[in-house]
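For reference, the chains in residue letters:
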Amino acid sequence: MKKLHYSELWCSSPRYWGGLAALTFIILLGMAAAYYMEHSGHWVTGMSNQVVWGLPHVFAIFLIVAASGALNVASIGSVFGGPLYKPLGRFSGLLAIGLLAGGLVVLLLDLGRPERLIVAITHYNFKSIFAWNIILYTGFFTIVGIYLWAMIDRKAQKFYQVTGFAAFFWRLALTTGTGSIFGFLVAREAYDAAIMAPMFIIMSFSYGLAFFIITLMSAYWWASRELGSHRLEKLKNLLGVFVGAVLYFSLVYHLTNLYITQHHGIERFILLDGGVYTVMFWLGQITIGGIIPLFMLYSPAFSDNRFAIAIASVMVLIGGFVQIYVIVIGGQAFPMNLFPGKEVVSSSFFDGVVAAYTPSLAEGVLGLAGIAIAMTLVAVGARMLKVLPESLEDPEQGTA
Amino acid sequence: MSGNREQPKEIKRREFIGMTVLAAGAASVAPGILLTVAHATAEAEGASSEVRWGLLIDSNKCAESCNACVDACNRENGIDLLQRPQGQGDEMWDAQRPQWIRKVKLKDNQTGEVTNLPMMCQHCEFPPCVDVCPTAASFKRADGIVLVDRHTCIGCRYCMMACPYKARSFIHQNVEQQTLRSPRGKGCVESCNLCVHRIDAGATTTACQDACDKDGHQAILFGDLRDPESALSKALREKSSRQIRADLELNTGVRYTSL
Amino acid sequence: MDSSTGILRAAGLTLAGGVVLLLSTAVYSESAVTSGSKAAGMNSCVAPTAEMRRNHMDYLKHDRDSVVRKGVRDVNNSLADCIECHAEKDGQGGYHPVNAEGQFCSTCHAYLAVSLTCFQCHSKTPEQKQSGAASLSGGGSSGQEGGLGLLIQSDEAAALSVEEMVQLHAVFREE
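As the structure is a computational prediction, the values presented were derived from the model and not from experiment.

Examining the overall build of chain C
Here is step 1 of the chain: In terms of regular secondary structure, chain C is built from six helices and zero strands.
Here is step 2 of the chain: For chain C, the α and β elements follow one another from N to C terminus as α-α-α-α-α-α.
Here is step 3 of the chain: Put simply, chain C has 175 residues, and 43% of those count as buried.

Right, here's the structure in full:
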C-alpha cells in the first residue's frame, strides 16, 4: 500500500476564497439577526410561551446531532479497524468539532440572556440533562481535540487508541444526552418516550455521515485532489444502511405510540391531520429524507454517479432537518392534554388548541449562520492542519 | 432594643449571623452601620419547611364571566405595566405576554357539564421545571413555593418545555416599568409565586384570593397544607378534591374541587 | 458631585482600619449622593462610604440570595432600600430613575465603565405612596411603604459605633 501523505488544503483558487467569503457573509448576517433578536427581545421571532423552542433550536439540535455522527468515520477507522476509513479519520474529527461549535453558537445566541453564559458554566443543577449536556459538549471538544492531535502528531501516537475509544464512547453519551433532552419531558406526549435517545444516536449516524460525504467531496473538488470511487462507494453504502435504520426507528417510535391509547392524539396529529407537520413528516422526513436517498444510494442506475451520491446526501440532510423540526416544533404545537375527558371551550392561553408557529426570517438566518460557522471552521481548519490526504486514490486490488 | 428581647430565639440567631457576616466582611463596617431589629417578625424568619403553601380552588364557585383573579394578579405583580410591542397582533400578544393565572372553561365530553377554573403554577412537590433547569434558577423554597431566581436564569426555556401546566411565561420584550415588589426583565422566565412578597411579609392571602372574595365568589382559598387546623386543610378534608394531571404524581400544591 | 471617585477609591484602599472613621466623613462631601434624595439628609449609609463604594455589590448579592432563595426579607442591604434613599425627587411628586444620567448610580458606574444590570429588571424609583403599597398593608411591616425587604426609616436609623456593635454581639451571645 502506498504511503499516505497528508497536507494542508492549499489552494489559491477563487473557489476556496470565494467560498470562504460567502460563508463569512452568511455568518455576519446571522450575527446581525442575533443582535436584532436579543436587542428587541424574542417578540420579534415566531416563538412564544406556546412554542418556546423555535427554528434556532432545530438548527442547533440538528448540528449537534450531526457533529457526533461525523466523528463516526474516525471511530470506524480506529475503534473498529476499517483500513479504508482510517485516512479519513482526521477530517472526520475536524468536521465533528466544527459542527458542534456551529450548533452551540446558535443555541447560545438564542438564549434569553446569552450574556449570562458564565452563569451557565458556574451554576450547575446536576439533575438537569441540559447541565449534563454542557459538560458533555465541552468534554467532546477536549477529547476530540486530543484525538485529532493523536492522529496528526507522531509523538502523540501512543494516545491514538485510547483517545479513539474515549471519543467513541463520549460521542455516544453526547447523543444520548441530546436525545434525552426530549425523552425526559414527561408532560408532552410527543417526547415522553425512552426510544428518543437511541433514535437520536441512529439519526446522528445518518446526518453526520451525510455531512461528511458532502464536505469531503467539496474539499477535494476545491483542492482538485483525487477521491477514489471505491472509497466513496463504501461511504455511500454505509449511508444507505444508516438511512434505512433511521426509517426503521421512526417506524418503531410511531408504532409504539400507536399502541398507547393516550398517545393516539399526537400520532393522529403527526401522521394524519396535523397540517404542515403531517406534510413535513411524509414529504420531508420519509420521502425526501428516506425513500428517495435510499433509492439513489442503492439503485444500480446511479451506482457510479458521484453527483447522485452528493444529491442523496443533501436530501438526507434536508430530511433530517425536517425530522428534527417535526419532533421539536410539532411536539410543542400539539396541545397538552391537561383535562382528560373534557373539551376546552375557552382559554386566554390556547389550552387545547394547536399552537401556531411561523418562524421569522431572523431565526432562519441565525440558524443558517450556525451551518456557515461549522463549514468555515472546517475550511479554515483543513487549510491550517494536515487533515486531508493528498490523494484518496483507491488502494490497488488486494491490498485493502 | 428592649422590645427585641421578647422575640423568639430563632430570629435572634439569624440576626446575629447576619451581623457577624457583615462584620467579618470588613473590619471597619461598624461605625456607620444601621440596625433595624424592630420589625423582625415574618420577614426575618424566611421560608420554613414546617409549612407548605397551597391553594384550593372550588370550580363550582368560579364564575364564568368573572376575570377578577386575573386582573388582581396582573396588578399585584406589575404585569399590567407591560406595554404591547407596536404592531403586534392580538393572538401573538396573548401567546407572548406573561400569564401567571388564566381562566379556562371546560365542557365534559360525556355529560356536557361546564366547568370554569383558574389555572396557574401548581407548585408541585416534585416540580419538573426544577429538575430540568440547568442553572438551578428554577427552584422550590422550603415552604413549597416554586419560583424562578431570575438572577441566574439564562432564558433557555427548558422549564417551559417541561411544565405540564403551561404555567410559565418568558419575557419577550424590553420592560420599562416595574413595581418594587415584582421585578421583571427581558429574557427571563417567570410564573405564579403565590404572591411570595405578601406571604413573606406575613400576609395570609394571595391577591387572587382577595379579588375573588371581594367579588363574593370565594372560589380560591390560600393556606398551609401542612397545618391540619388551617382552613385549607379542613376544606380539603371535607370535600374530595383532585390534582390536575395527577397521573404525573407531582403532588401539586394547588388542588381543585368539583372538577 | 464630581466624578473623581476612582482616585478616592484608590485612596480608600490604602487607608485602612482606624482611619476609616475619619475618611467616611471626609469622603461624604465629595460623594455622588444627589441633593434631592433622602440620603442627602443622612450621616452615612448602612456602612461607611468607602466601605459601601468598595463592597456594595457584594452586600447586595449576599442579601439578594437570602431574600429570593430563603425568603428572609429582613435584610440589611436591599436594593429597594438603596433606591428608597438615593432616588432624587423630580419636584413633581415623582422621582428621577436612580440609574439615569447624573443620578446616584450612574455617576460612578459611567465613570468606571461598569455596566449596571440591576435595573434591567428592578424598579428604578421608590414606590409611589398612593399606588400599589395599599395591597401590602396586610403584611407584618407596619407603617412601612413598599414592604419589600427592610426599609430603614430615617427617624429610627441608628448609627452604631464599634463599641456598640461589640455590645450588641455580646447581647446576642448571652441568649
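Notes on the confidence of the model for chain C
All names here are of chain C.
Here is step 1 of the chain: For chain C, per-residue confidence averages 69 on the pLDDT scale, and 55% of positions sit at 70 or higher.
Here is step 2 of the chain: Under a pLDDT of 50 for its full length, residues 18–29 has, in the predicted model, 15 contacts with residues more than four places off or in other chains.
Here is step 3 of the chain: Across residues 171–175, confidence stays below pLDDT 50; counting only partners more than four residues off in sequence or on other chains, it has ten contacts.
Here is step 4 of the chain: What the predictor reports for the complex is a pTM of 0.84 with an ipTM of 0.90.

Some words on the sheet that holds strand β3 (residues 114–120) of chain B
What links the strands of a sheet is backbone hydrogen bonding, and the strands pair in either a parallel or an antiparallel sense.
Here is step 1 of the chain: The strand order β3(A)-β2(B)-β3(B) describes an open sheet built from three strands, whose pairing is antiparallel. Across the chains shown, the open sheet's two edge strands, defined by having one partner strand only, are β3 (342–347) of chain A together with β3 of chain B. Between one strand axis and the next, the sheet turns by 35° as a mean value, whatever way the strands run.
Here is step 2 of the chain: Pairing between strand β2 (residues 101–108) of chain B and β3 of chain B: seven bridges, direction antiparallel. Paired with Lys 107 of chain B across the strands is Val 114 of chain B, a residue of β3 of chain B.
Here is step 3 of the chain: Along the sheet face, helix α3 (residues 68–76) of chain B touches β2 and β3 of chain B and points at about 160° away from the line of β2 of chain B.

Observations regarding the interface of chain B and chain A
A common way to report how large an interface is uses the accessible area buried once the components associate.
Here is step 1 of the chain: Contacts between the two partners involve 60 residues from chain B and, on the opposite side, 56 residues from chain A.
Here is step 2 of the chain: Summing both sides of the interface, chain B and chain A together bury roughly 5,000 Å²; the carbon and sulfur share of this comes to 56%.
Here is step 3 of the chain: The largest share of the area that chain B buries against chain A comes from Tyr 158, Met 161 and Lys 166 of chain B, three residues that together contribute 16% of it.
Here is step 4 of the chain: Across the chain B-chain A interface, the total number found is six salt bridges.
Here is step 5 of the chain: Note that Lys 127 of chain A and Asp 131 of chain B form a salt bridge whose closest N and O atoms lie 3.1 Å from each other.
Here is step 6 of the chain: At the junction of chain B with chain A, the criterion picks out 40 residue pairs in polar contact (both at pLDDT 80 or more).
Here is step 7 of the chain: No other element matches β2 of chain B, which puts seven residues into the side of chain B that touches chain A.
Here is step 8 of the chain: Split into classes, the residues belonging to the side of chain B that touches chain A amount to 28 nonpolar, 15 polar and 17 charged.
Here is step 9 of the chain: With five bridges joining them, β3 of chain A and β2 of chain B adopt antiparallel strand pairing. Considered in β2 of chain B, the bridge of Val 344 of chain A is made with Leu 106 of chain B.

Here we look at the environment of Leu 232 of chain A
All names here are of chain A.
Here is step 1 of the chain: Structurally, the position occupied by Leu 232 is in helix α9 (residues 229–259).
Here is step 2 of the chain: The class of Leu 232 is buried, set by a relative accessible area of 2%.
Here is step 3 of the chain: The spacing of Leu 232 and Gly 275 is 43 residues in sequence and 39 Å in space, taken between C-alpha atoms.
Here is step 4 of the chain: If we ignore the near neighbours within four places in the chain, the residues touching Leu 232 are Met 217, Leu 227, Arg 306 and Ile 309.

Overview of the packing of helix α2 (residues 55–70) of chain A against helix α8 (residues 196–222) of chain A
Residue and element names in this part refer to chain A.
Here is step 1 of the chain: The interhelical angle for the contact between α2 and α8, taken along N-to-C directions, is 80°, at an axis separation of 6 Å. Taken together, the axes of α2 and α8 are roughly perpendicular relative to one another. Seen from α2, the contacting residues are Ile 61, Phe 62, Leu 63, Val 65, Ala 66, Ser 68, Gly 69 and Ala 70; seen from α8, they are Phe 200, Met 203, Ser 204, Phe 205, Tyr 207, Gly 208, Leu 209, Phe 211 and Phe 212.
Here is step 2 of the chain: Looking at the contact of α2 with α8, its residues break down into 13 nonpolar, four polar and no charged.

A few points about the nonpolar core
Here is step 1 of the chain: With 195 residues, the main nonpolar core has Leu 99, Phe 182 and Leu 216 of chain A together with Tyr 158 of chain B as its most contacted residues.
Here is step 2 of the chain: Counting residues per element, this core draws most heavily on α8 of chain A, which supplies 18 residues.
Here is step 3 of the chain: Apart from the residues within four sequence positions on either side, Tyr 158 of chain B is in contact with Trp 53, Ser 128, Ile 129, Phe 130, Ser 180, Ile 181 and Leu 185 of chain A together with Val 132 of chain B.
Here is step 4 of the chain: Counting nine residues, the second largest nonpolar core, distinct from the first, contains Leu 180 of chain B together with Ala 80, Ala 87 and Cys 105 of chain C.

About the cut-offs
Each chain carries its own residue numbering, running from 1 in the written order of its sequence. Think of it this way: whatever chain is written first is A, whatever ligand is written first is 1, and the rest follow in order. With pLDDT at 70 or above as the cut-off, local features in this predicted model cover only qualifying residues; side-chain atom pairs require 80 or more to be listed or tallied, and sums for whole chains, interfaces and linings still use all residues. As a rule here, side-chain values come from all non-hydrogen atoms in the structure, and water together with hydrogens is ignored. Only DSSP runs of H or I reaching four residues or more are called helices, and only runs of E reaching two or more are called strands; each is numbered from the N terminus. Partly exposed residues are those whose accessible area sits between 20% and 50% of the maximum for their type, while under 20% is buried and over 50% is exposed, using a 1.4 Å probe and protein chains only. The pLDDT value tells you how sure the predictor is about a given residue, anywhere from 0 up to 100. Residues count as neighbours in contact if any of their non-hydrogen atoms are within 4.5 Å of one another. Note: two strands are recorded as paired if DSSP finds a minimum of 2 bridges between them. Note on method: axes are straight lines fitted to C-alpha atoms, helices fitted across the in-contact stretch only, with angles between N-to-C directions ranging 0 to 180 degrees. Buried area is a sum: the accessible area each of two parts loses on coming together, probed at 1.4 Å, counted once for each and added. The salt bridge definition used is simple: a Lys or Arg side-chain nitrogen within 4 Å of an Asp or Glu carboxyl oxygen. Any pair of N or O atoms that falls within 3.5 Å is considered a polar contact. Within protein, one atom must be able to donate a hydrogen and the other to accept it, and sequence-neighbouring residues count only if both atoms are side-chain atoms. Under the grouping applied here, Gly and all other residues not named as nonpolar or charged are polar, the nonpolar ones being Ala, Val, Leu, Ile, Met, Phe, Trp, Tyr, Cys and Pro and the charged ones Asp, Glu, Lys and Arg. Working rule for angles: under 35 degrees goes down as roughly parallel, over 145 as roughly antiparallel, 65 to 115 as roughly perpendicular, anything else as oblique. Working definition of a nonpolar core: buried Ala, Val, Leu, Ile, Met, Phe, Trp, Tyr and Cys residues. They are joined through side-chain atoms within 4.5 Å.

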